[in-house]
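Listed below are the residues making up each chain.
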There are 4 protein chains.
Amino acid sequence: MEYSEVTFRSDMTIELIDSMGDDRSILRAMMVSTRKDRDVDAYGEDDVFGKLNFLMKNRHGTPFEHATMTFRAEVPIFVMREWHRHRIGVSYNEMSGRYTQLPPTYYIPGPDRNLVQVGKPGHYTFVPGDPETYEWLRDDMEMEAVHNYRRYEDRLAKGIAKEVARMSLGINIYTAQYFTCNPRSLMAYLSLRTKAEPFWQEWSAPDEFRSSPQQIERVFSQNPGGSMFPSFPMREIEMASEMMEDQFAAFFPHTHASFCENGRVCP
Amino acid sequence: MEYSEVTFRSDMTIELIDSMGDDRSILRAMMVSTRKDRDVDAYGEDDVFGKLNFLMKNRHGTPFEHATMTFRAEVPIFVMREWHRHRIGVSYNEMSGRYTQLPPTYYIPGPDRNLVQVGKPGHYTFVPGDPETYEWLRDDMEMEAVHNYRRYEDRLAKGIAKEVARMSLGINIYTAQYFTCNPRSLMAYLSLRTKAEPFWQEWSAPDEFRSSPQQIERVFSQNPGGSMFPSFPMREIEMASEMMEDQFAAFFPHTHASFCENGRVCP
Amino acid sequence: MEYSEVTFRSDMTIELIDSMGDDRSILRAMMVSTRKDRDVDAYGEDDVFGKLNFLMKNRHGTPFEHATMTFRAEVPIFVMREWHRHRIGVSYNEMSGRYTQLPPTYYIPGPDRNLVQVGKPGHYTFVPGDPETYEWLRDDMEMEAVHNYRRYEDRLAKGIAKEVARMSLGINIYTAQYFTCNPRSLMAYLSLRTKAEPFWQEWSAPDEFRSSPQQIERVFSQNPGGSMFPSFPMREIEMASEMMEDQFAAFFPHTHASFCENGRVCP
Amino acid sequence: MEYSEVTFRSDMTIELIDSMGDDRSILRAMMVSTRKDRDVDAYGEDDVFGKLNFLMKNRHGTPFEHATMTFRAEVPIFVMREWHRHRIGVSYNEMSGRYTQLPPTYYIPGPDRNLVQVGKPGHYTFVPGDPETYEWLRDDMEMEAVHNYRRYEDRLAKGIAKEVARMSLGINIYTAQYFTCNPRSLMAYLSLRTKAEPFWQEWSAPDEFRSSPQQIERVFSQNPGGSMFPSFPMREIEMASEMMEDQFAAFFPHTHASFCENGRVCP
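**Here we look at the overall build of chain A**
Secondary structure summary: chain A contains ten helices and eight strands in total. Within the span of chain A, comprising 267 residues, buried residues form 62% of the whole. Contacts in chain A between residues at least 24 apart in sequence constitute 82% of all its contacts with a sequence separation of at least 6. When the accessible area of chain A is evaluated, it comes to approximately 9,800 Å², of which 49% is carbon and sulfur surface.

Below you can see the structure in the form of structure tokens.
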């Protein structure tokens, strides 16, 4: 029997499939409360940022639900498992191991992935391992993946149903999904699935929309990473999250800037 | 003191503000399960209807969540009260009687609104009243509305807060909202908020996509109104719902046709 | 025709119908993450508070969903309208003006209800009116309610359907509902529907479970009312909310104390 | 290095941790609509079934949300993956492979598990394999599991973080969770995650509450398995679901009987 060639990846794929709306869509939904939703097109950019920032700071969240983004994601199963714990304002359709043969692609940590865990539960941090450990782990995971996929193909070749044959696949095999969310549910996701340290600076508001230095100082002094409620996400889901945040920042720049300025608290 | 002139309406306003996706967006999300989402653009129309119909008939609902519609609605408070009981896959922002003076527009039933209720709880039907009763009711409601709004303006003129002054406004005063939903949450809404009798015929699938005469016969024989689980909505929320259904049918024609062909059961 | 006597109230009714679980239910759900859920019964009270406080401070919210409270509430329609905007983790069934005649009970603000609104949108505060204004308003609302209910009964007496006859009832008529929630969805509700000023002090943790004076000082110095994200709820919904908070504090004392200690941010 | 002994299971564990309410809790929430919720204690059993059956048949779903069940479940990861796709009215907390070492227990199909898949996508059925195939598969999966867990322990022994070491664990390793739901969300789950054929007969209503023979005949003639919208769940999630259905039937007997009588359509 000829086995498929197993391929390895250390990255995630996020592709924006479709989107609806922009910063002003959120503002229109907000302004219906005072019967001024028809005026939003005439607002200047400063006003758009200012009003969105008012919503963000005071956690008036519902207007942020009137826009949408659909992503196509390719991630390993152990990332999808965390992703699917999000239930509100999110929609999923995923590749099915019952209906199709999963392709022979497995995740292997890249050399820059911290391997060693330090600290006590709830306060873990991660540090790199030594290069020998990394190489050993990489080889070990590659061999196991090859072995794992061959078992899968052997079973399929014997006529065993896909849903049974797949039962011992490793959780680092890749799967794919369509994911639809809105700015509010995406910010809830990002607040939990990014650590945010490297992002705050470059993603904060354009100069003309920035909060006062005092406000920025306040956020930073209290929250070194820029997050008022810091999270400690698994690096692999964070990699997918950062790519979604890039797209979010591109389509909803004022909303995203205000999210960062206010300590990355989902409104 | 000069009072505002009260105006009367017997209709609802539904305006499509924005939308994302079409029938093929739903199909793409579906086809990721068998890794064929990239092929959807090449499908013929028959195939699109056929696959959506498979989802609908078997109640595979999640793919219908990967598209969006935002509506602006103007309806009286007693309609909004029923609307807001829908919680899943829906987003709302409404005019606020705490932040703005509600405009002097009230709902009065039109002459074609059935006024008299026949039957027992859970099985009500409605029939027209005699013309004298209708005219009496119309005059009575108009007078009460004028009286009602003057009390409101008197209180505001005395400096009483909007949120207090509005406390005895009638539930037939108009309000407005932004409403965002997806095809699945909209079908759940429509299955409950339309009686569907007049719609099935004209909204069923184009000839080339229709189910077999046997299937149609089966739906109709069991469900005279075209609905497998008939609902008895209040006429006023149905009026708003029918306008949203028109927009839904225009943007998602195959999905809508399949919804009708399968007895208007939300997948 | 003899009309029903209209009665007036200035209060809300909240009745606990049923509940499931306590602080340890939340803890069990939490501790399954490290396979220690079977150990929870043996924990001391300090440990229970400490672990719940860890969840609260770090906004690990899901364990707070594994308990339930069902309330029966009697509130005017304008309070119910705000209440029903909460969609997640909440269940409602309400008295129906389509199926039953609403009883002749109307809300009238009590003499201690602030009547005058000061400040600009988003930053309103309320102050008392002078006694003459209050008395005028009370009389005005009482007269309008009597008038309002008589119009309703006149229409019913003419055979007009309940769902039509009720269309101009005032939003201050009382309605009733069953409301089921969990500690997490209730904290989300309370964080928005109470101002919290009078509560923090008396509801904070028992001495032996309190956070450090530094932590308390930090919350208070930044948030005079005890809330990290202060809300400005309408007083009438706050009245109902405070009664639910009393019940919540009684059944989940450590959870509630930790909620207060951490600035009333829903985890 | 001494490795842990790997154990194998072919079953699922479902344990009821706590519950709130019974059939009458649902009825009370229903009857508030006509102001008769205080009368429910005096209803006879026939009346309880009859009224719940009215709700079920007409898909008035919300009253079924005012009760709760919390389960503790032990299932393999591939079952949990399907389970967590349910988002509405459900709460989860699961054992964490980031915070604890997963125990060495793996799922192996039992000899009565159908192994071979027949039919086309969307219409699969499963039939037994021959005994040799089963034995080969069992041995193959056992060897792979032992290999799989040793790789895991080797990595942990080298100081690699749990969240990295676990990355190639098989999806048939067991995990555990707390799951909280209400009768409505549980019926939605059961309608999708059971095939229902063996259950309808024994679970249908007690004689005195049964629907007419015509109604039963109608359900069966159209739906051989007793389900109006048959599902084709993976057997392993169905095993867990059947145990939850047993508990549901014990605590909410009228609700469950009515669910079966009406074609297992979630209201």
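**Observations concerning the environment of Ala257(C)**
Positionally, Ala257(C) belongs in helix H10 (residues 253-261). The spatial distance from the C-alpha of Ala257(C) to the C-alpha of Met56(C) is 10 Å, given a sequence separation of 201 residues.

**With respect to the relation of the copies chain D and chain A**
Of the two same-sequence chains, chain D is brought onto chain A (RMSD 0.0 Å, axial shift 0.0 Å) by a rotation of 180°. Classification of the inter-copy transformation places it as that of a two-fold axis. Measuring from the rotation axis to each C-alpha of chain D, the shortest distance belongs to Gly170(D), at 2.1 Å.

**Remarks on the sheet that holds strand E2 (residues 13-20) of chain D**
Residue and element names in this part refer to chain D. In spatial order, the strands read E2-E3-E8-E4; together these four strands make up an open sheet with antiparallel pairing. Taken across any chain shown, the strands that pair with only one partner, and hence form the sheet edges, are E2 and strand E4 (90-94). Averaged over all pairs of adjacent strands, the angle between their axes in this sheet comes to 20°, without regard to strand direction. Pairing of E4 with strand E8 (residues 174-181) involves five bridges; the strand directions are antiparallel. Each residue of the ladder has a partner; that of asparagine 93, found in E8, is tyrosine 178.

**Some words on the pattern of salt bridges**
The tally for this structure, following the rule as stated, stands at 92 salt bridges over all chains. With its nearest N and O atoms 2.8 Å apart, the salt bridge here joins Glu94(B) to Arg81(C). Here Glu94(B), found in strand E4 (residues 90-94), pairs with Arg81(C), found in helix H3 (residues 77-83), and the two come from separate chains. For the pair formed by Glu94(B) and Arg81(C), the shared burial category is buried. The closest approach of N and O atoms between Arg151(B) and Asp140(C), which form a salt bridge, is 2.6 Å. Highlighted residues: Arg151(B) in helix H4 (residues 131-157) and Asp140(C) in helix H4 (residues 131-157), drawn from two different chains. Residue classification places Arg151(B) among the buried positions, given a relative accessible area of 14%.

**A short note on the interface of chain D and chain A**
Listed as interface residues are 54 residues of chain D and, on the opposing side, 54 residues of chain A. Carbon and sulfur atoms supply 54% of the area buried between chain D and chain A, which totals about 5,000 Å² over both sides. Contact with chain A buries area across many residues of chain D, yet Arg81(D), Arg87(D) and Met167(D) alone supply 15% of it, more than any other trio. Inspection of the chain D/chain A interface yields ten salt bridges. The partner of Asp140(D) in a salt bridge is Arg155(A), with the nearest N and O atoms 2.9 Å apart.

**A closer look at the sheet that holds strand E8 (residues 174-181) of chain A**
To summarise the sheet geometry, strands pair through backbone hydrogen bonds and adopt either a parallel or an antiparallel arrangement. Residue and element names in this part refer to chain A. Taken together, four strands build an open sheet; the order of strands is E2-E3-E8-E4 and the sheet is antiparallel. Because the sheet does not close on itself, it has two edges, and the strands there are strand E2 (13-20) and strand E4 (90-94). When the angles between neighbouring strand axes are averaged without regard to direction, this sheet yields 20°. With respect to the sheet, helix H9 (residues 235-251) is in contact with E2, strand E3 (68-76) and E8, its orientation differing from that of E2 by roughly 30°.

**Brief notes about helix H6 (residues 183-193) of chain D**
The element H6(D) is extensively covered by neighbouring structure, given that eight of its eleven residues are classed as buried. Listed in full, the buried residues belonging to H6(D) are Pro183(D), Ser185(D), Leu186(D), Met187(D), Tyr189(D), Leu190(D), Ser191(D) and Arg193(D).

**Looking at the interface of chain B and chain D**
Counting residues at the interface gives 15 residues for chain B, matched by 15 residues for chain D. With both chains or domains summed, chain B and chain D bury close to 1,400 Å², and 55% of this area falls on carbon and sulfur atoms. For the pair chain B and chain D, the number of links is two salt bridges. Across the pair Glu65(B) and Arg87(D) runs a salt bridge, and its minimum N-O distance is 2.8 Å. Between the two partners, chain B and chain D, sit two residue pairs in polar contact (both at pLDDT 80 or more). When grouped by side-chain class, the residues that make up the side of chain B that touches chain D number five nonpolar, four polar and six charged.

**Points about the nonpolar core**
If you look at the biggest cluster of nonpolar residues, it comprises 134 residues, and the most contacted ones within it are Trp83(B), Leu186(B) and Trp83(C). In this structure Leu186(B) touches Met69(B), Phe71(B), Cys181(B), Met244(B) and Phe248(B), once residues within four positions along its chain are discounted.

**Quick notes on the packing of helix H2 (residues 45-57) of chain B against helix H10 (residues 253-261) of chain B**
Residue and element names in this part refer to chain B. Axis separation between H2 and H10 bottoms out at 9 Å; the angle between their running directions is 45°. It follows that H2 is oblique to H10 by the angle criterion. Like other packed secondary-structure pairs, H2 and H10 cross with a definite hand, here right-handed. Residues Glu45, Val48, Phe49, Leu52, Asn53 and Met56 of H2 touch H10, and the partners they reach there are His254, Thr255, Ala257, Ser258, Phe259 and Glu261. Residue composition of the contact of H2 with H10, by class: six nonpolar, four polar and two charged.

**Focus: unusual backbone geometry**
Unlike most non-glycine residues, Arg264(A) shows phi in positive territory, near 55°. Residue position: Arg264(A) is located in the segment after helix H10 (253-261). Its identity is not glycine, yet Arg35(C) carries a phi of approximately 65°, on the positive side.

**Quick look at the pairing of strand E3 (residues 68-76) of chain B**
Residues and elements named next belong to chain B. With eight of nine residues buried, E3 is to be regarded as a mostly interior element. As paired strands, strand E2 (residues 13-20) and E3 are joined by seven bridges and run antiparallel to one another. Residue pairing for E3: leucine 16 is matched across the bridge by phenylalanine 71. Where E3 meets strand E8 (residues 174-181), eight bridges bridge the pair, whose relative direction is antiparallel. Directly across from threonine 70, in E8, lies its bridge partner threonine 180.

**A look at the side chain of Arg24(C)**
Residue and element names in this part refer to chain C. Mapped onto the elements, arginine 24 comes out in helix H1 (residues 23-31). Among the polar contacts listed, one links the side chain of arginine 24 to the side chain of glutamate 45, at a separation of 2.8 Å. Those residues in contact with arginine 24 that sit more than four places away from it in its chain are Val40, Asp41, Tyr43, Gly44, Glu45 and Val48.

**As for the confidence of the model for chain A**
With 87% of its residues at a pLDDT of 70 or more, chain A shows a mean pLDDT of 90. Across the whole predicted complex the pTM is 0.94, and at the interface the ipTM reaches 0.91.

**Description of the state of the cysteines**
Residue and element names in this part refer to chain B. Under the criterion given, the structure shown has zero disulfides over all chains. Of all cysteine sulfurs in the structure, the one in cysteine 266 sits closest to cysteine 260, which takes part in no disulfide; the separation is 13 Å. Distance from the sulfur of cysteine 266, which forms no disulfide, to the nearest cysteine sulfur (cysteine 181) is 11 Å.

**A word on the environment of Phe78(A)**
Checked against the element boundaries, Phe78(A) lands in helix H3 (residues 77-83). Among residues more than four places away in sequence, those in contact with Phe78(A) are Tyr107(A), Ile171(A), Asn172(A), Met234(A), Glu236(A) and Met167(D).

**Here we look at the packing of aromatic side chains**
Scanning the entire structure with this criterion turns up 32 aromatic pairs over all chains. Ring plane angle 75° and centroid distance 5.3 Å describe the contact between Tyr149(C) and Tyr152(C), whose orientation is recorded as edge-to-face. Of the two residues, Tyr149(C) and Tyr152(C) are both situated in helix H4; the distance of three residues between them amounts to about one turn of the helix. For Tyr152(C), a relative accessible area of 0% puts it in the buried group. Centroid distance Phe248(C) to Phe252(C): 5.8 Å. Interplanar angle 40°. Geometry classified as tilted. In this pair, the class of Phe248(C) matches that of Phe252(C), namely buried. Connected via pairs of aromatic rings, a cluster forms that spans Trp83(A), Tyr92(A), Phe179(A) and Tyr189(A). Of note, Arg113(B) hangs over the ring of Phe126(B), and the distance from its end group to the ring centre comes to 5.8 Å.

Cut-offs applied
- Residues numbered from 1 in each chain as written.
- Chains lettered and ligands numbered in written order.
- Predicted model: local features only at pLDDT ≥ 70, side-chain atom pairs only at ≥ 80, totals over all residues.
- Heavy atoms only, no water.
- Helix = DSSP H or I, 4+ residues; strand = E, 2+ residues; numbered from the N terminus.
- Buried < 20%, exposed > 50% of the residue type's maximum accessible area, 1.4 Å probe, protein only.
- Contact = heavy atoms within 4.5 Å.
- Areas by Shrake-Rupley, 256 points an atom, 1.4 Å probe, with all protein chains shown as cover.
- Least-squares fit on C-alpha atoms with pLDDT ≥ 70 in both.
- Pairing = 2+ DSSP bridges.
- Axes fitted to C-alpha atoms, helices over the stretch in contact; angles between N-to-C directions.
- Salt bridge = Lys/Arg side-chain N within 4 Å of Asp/Glu carboxyl O.
- Buried area = accessible area lost by both parts, 1.4 Å probe.
- Polar contact = N/O pair within 3.5 Å; in protein donor to acceptor, adjacent residues only side chain to side chain.
- Nonpolar A, V, L, I, M, F, W, Y, C, P; charged D, E, K, R; others polar.
- Core = buried A, V, L, I, M, F, W, Y, C linked by side-chain atoms within 4.5 Å.
- Parallel < 35°, antiparallel > 145°, perpendicular 65-115°, else oblique.
- Left-handed = near helix turned anticlockwise from the far one by under 90°.
- pLDDT = per-residue confidence, 0-100.
- Disulfide = S-S within 2.5 Å.
- Phe/Tyr/Trp six-rings, centres within 6.5 Å; stacked < 30°, edge-to-face > 60°.
- Lys NZ or Arg CZ within 6 Å of the ring centre and 35° of its normal.

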